[in-house]
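An overview of the molecular structure
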Amino acid sequence: MADTSRIKTEIEPFVRGWLSERCNKGTLLERPVTLPSGGIYQFDAVSDNGLIVAAILCNRPKTRTGRENTGGVRKALAEIEHLKQLPNEVKKVMVFTDFEFCDLVQRRARRFGTTGIEMLVCTLSPEKEKVLLQVLDQASNEQRAAGENTSRPL
């Protein structure tokens, strides 16, 4: 299985730092937030006072074969639904590392509504961009290889 832990350990902290500077708030941390429905959801970036809550999405808009990244879009739509559950006084943010993926999610989410959710794109440093592309390429290659090795019934 592809090691995607570098996204959590290298990319997301970079994005959290960028967002923290942009919002002029203290440190943002990955932590669980209690939803009004009573459930708990782990968000990628939450301010100390809980008044800023963000999801970080490090996906590409297309798969290696050129098809729409439906898995990434589904994950983004789930993040939107969780953010929408938060009270109005909470600043809700989705931070993308890819402009095209952000655009794709905005188009797909129109029917669900994204009112009150700010959509931002964090441009990664060249070093972080290289790390992210390596991780995504490795995961993509592994998925493709797994699909090619799947036996089909006769």
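Data block above holds the structure.
So, a few notes on the structure that sits alongside this text. (Residues numbered from 1 in each chain as written. Predicted model: local features only at pLDDT ≥ 70, side-chain atom pairs only at ≥ 80, totals over all residues. Heavy atoms only, no water.)

A separate point is the environment of Ile7. Structurally, Ile7 can be placed in helix α1 (residues 5-23). Once the C-alpha coordinates of Ile7 and Lys128 are considered, the two residues, 121 residues apart in sequence, prove to be 9.4 Å apart. Setting aside its immediate chain neighbours within four residues, Ile7 contacts Glu12, Pro13, Cys58, Leu132, Val135 and Leu136. (Helix = DSSP H or I, 4+ residues; strand = E, 2+ residues; numbered from the N terminus. Contact = heavy atoms within 4.5 Å.)

Aromatic rings in a pair are described by how distant their centres are and how their planes are angled relative to each other. In total, this model carries two aromatic pairs according to the counting rule given. Taken together, a centroid distance of 4.8 Å and an interplanar angle of 70° make the contact between Tyr41 and Phe43 edge-to-face. What makes Phe43 buried here is its relative accessible area of 0%. (Phe/Tyr/Trp six-rings, centres within 6.5 Å; stacked < 30°, edge-to-face > 60°. Buried < 20%, exposed > 50% of the residue type's maximum accessible area, 1.4 Å probe, protein only.)

Burial analysis of strand β5 (residues 117-121) places four of its five residues in the buried class, which makes it a mostly covered element. Bridge analysis of strand β4 (residues 91-96) against β5 gives five bridges, and the strand direction is parallel. When the bridges of β5 are listed, Phe96 appears paired with Val121. Taking the sense of rotation as the criterion, the β-α-β connection linking β4, helix α3 (residues 99-109) and β5 turns out right-handed. (Pairing = 2+ DSSP bridges. Right-handed = clockwise from strand over helix to strand, strands pointing away.)

Remember that the coordinates give geometry; whether it matters functionally is a separate question.
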